[in-house]
Amino acid sequence: MKKIGVMNSDISRVIADMGHMDWLSIGDAGMPVPKDIEKIDLCVQSELPSFIDVLKNVLIEMKVQKIYLAEEIKEQNPNQLRNIKAVLPDVDIEFVPHKDLKKMLGNTHAFIRTGETTPYSNIILESGVTF
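The name that an unreviewed UniProt entry assigns to the chain is D-ribose pyranase, with the source organism given as Lactobacillus mulieris. Annotation of the chain in UniProt includes, under Subunit (unreviewed entry), the sentence "Homodecamer."

Draft legend 1. Quick look at the UniProt feature "active site" (unreviewed entry) in the chain. Mapped onto this structure's residue numbering, the UniProt feature "active site" (unreviewed entry) falls at H20. Relative to the helices and strands, H20 is located in the loop between α1 (9–17) and β1 (23–27). Overall, H20 belongs to the partly exposed group, its relative accessible area being 42%. With residues up to four places along the chain from it excluded, the contact list for H20 reads Q65, S127, G128 and V129.

Draft legend 2. Representation of the nonpolar core in the model. Counting 27 residues, the largest nonpolar core has L55, V58, I84, L88, I123 and L125 as its most contacted members. Listed by contribution, the elements that provide at least two residues to this core are α1, β1, α2 (51–61), β3 (64–70), α4 (78–87), β5 (110–113) and β6 (123–127). Look past the residues within four positions of I123 in its chain and what remains in contact with it is L24, S25, I26, F51, L55, I67, Y68, L69, I84 and L88. W23, V96, M104 and L105 belong to the second-largest nonpolar core, a separate cluster that totals 11 residues.

Draft legend 3. Structural context of α4. Turning to α4, its buried residues are Q80, L81 and I84. One side of α4 carries all its buried residues, which in axial view fall inside an arc of 100°. Structural note: α4 exposes R82 and A86 on the side pointing more than 90 degrees away from its buried face. Taken together, the buried residues of α4 touch α2, β3, α3 (73–76), β4 (92–96) and β6.

Draft legend 4. Layout of the packing of α2 against α4. Two elements in contact, α2 and α4, have axes separated by 11 Å at closest approach and are oriented at 15°. With respect to their mutual orientation, α2 and α4 come out roughly parallel. Seen along the crossing, α2 lies across α4 with a hand that is right-handed. Contacts from F51, I52, L55, K56 and L59 in α2 reach Q80, N83, I84 and V87 in α4.

Draft legend 5. Here's a closer look at the environment of I112. Its place among the elements puts I112 in strand β5. Spatially, the C-alpha atom of I112 lies 18 Å from that of K66, the residues being 46 residues apart in sequence. The contact partners of I112, leaving out residues within four places of it in the chain, are I11, L24, S25, I26, G27, I40, L42, V54 and V58.

Draft legend 6. Representation of the environment of V58 in the model. In this fold, V58 is placed in helix α2. Taking the C-alpha atoms as reference points, V58 and S12, 46 residues apart in sequence, are found 8.4 Å from one another. What V58 contacts, discounting residues up to four positions off in sequence, is V6, I11, I15, L24, I26, I112 and L125.

Draft legend 7. Structural detail: the UniProt feature "binding site: substrate" (unreviewed entry) in the chain. In the numbering used here, UniProt assigns the feature "binding site: substrate" (unreviewed entry) to D28, H98, Y120, S121 and N122. A maximum C-alpha distance of 12.9 Å places the annotated residues, which cover 95 residues in sequence, within one compact spot. Examined against the element boundaries, S121 turns out to sit in the loop between β5 and β6. For S121, the side chain forms a polar contact with the side chain of T118, separated by 2.8 Å. Relative to the helices and strands, N122 is located in the loop between β5 and β6. On the accessibility criterion, N122 (3% relative accessible area) is buried. Residues in contact with N122, not counting those within four places in the same chain, are I26, G27, D28, M31, F51, Y68, L69, H98, L101 and F111.

Parameters and conventions
- Residues numbered from 1 in each chain as written.
- Predicted model: local features only at pLDDT ≥ 70, side-chain atom pairs only at ≥ 80, totals over all residues.
- Heavy atoms only, no water.
- UniProt positions renumbered as here; feature names shortened; annotations may be inferred.
- Helix = DSSP H or I, 4+ residues; strand = E, 2+ residues; numbered from the N terminus.
- Buried < 20%, exposed > 50% of the residue type's maximum accessible area, 1.4 Å probe, protein only.
- Contact = heavy atoms within 4.5 Å.
- Core = buried A, V, L, I, M, F, W, Y, C linked by side-chain atoms within 4.5 Å.
- Arc of directions from axis to C-beta.
- Axes fitted to C-alpha atoms, helices over the stretch in contact; angles between N-to-C directions.
- Parallel < 35°, antiparallel > 145°, perpendicular 65-115°, else oblique.
- Left-handed = near helix turned anticlockwise from the far one by under 90°.
- Polar contact = N/O pair within 3.5 Å; in protein donor to acceptor, adjacent residues only side chain to side chain.

Below is the structure:
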């Protein structure tokens with residue numbers, strides 16, 4: 001039995017399967033997920049689990065070199081943007097319109113759905129290398 005890190009077996013499997021520059025997405029409870037993308041649904045109720053708690057947990061095991069966020073997060077959810085920057089302080093950020101971020105989900109290995117209900121709490125993580 002695993003002792004530390006990502007305890008969800010589906011998330012752990014997806015991270016272990018990823019290579020350099022592959023994408024994994026984490027998002028709020030309302031984000032539409034393309035039908036052909038694996039959805040790992042963690043939502044148990046509104047705000048549980050939170051977006052930032054899930055992101056922190058994923059970052060225990062995943063090396064991230066770049067992230068993609070909706071441009072709208074700057075105005076509509078600046079607190080969440082500060083939270084993201086705090087846990088990924090040295091990672092490049094690319095802001096794109098929310099409608100484009102939704103399209104980009106089609107290129108991710110999986111989408112992790114949280115219970116988050118604050119606007120634009122969605123991220124695409126681009127994997128880095130550890131060597």
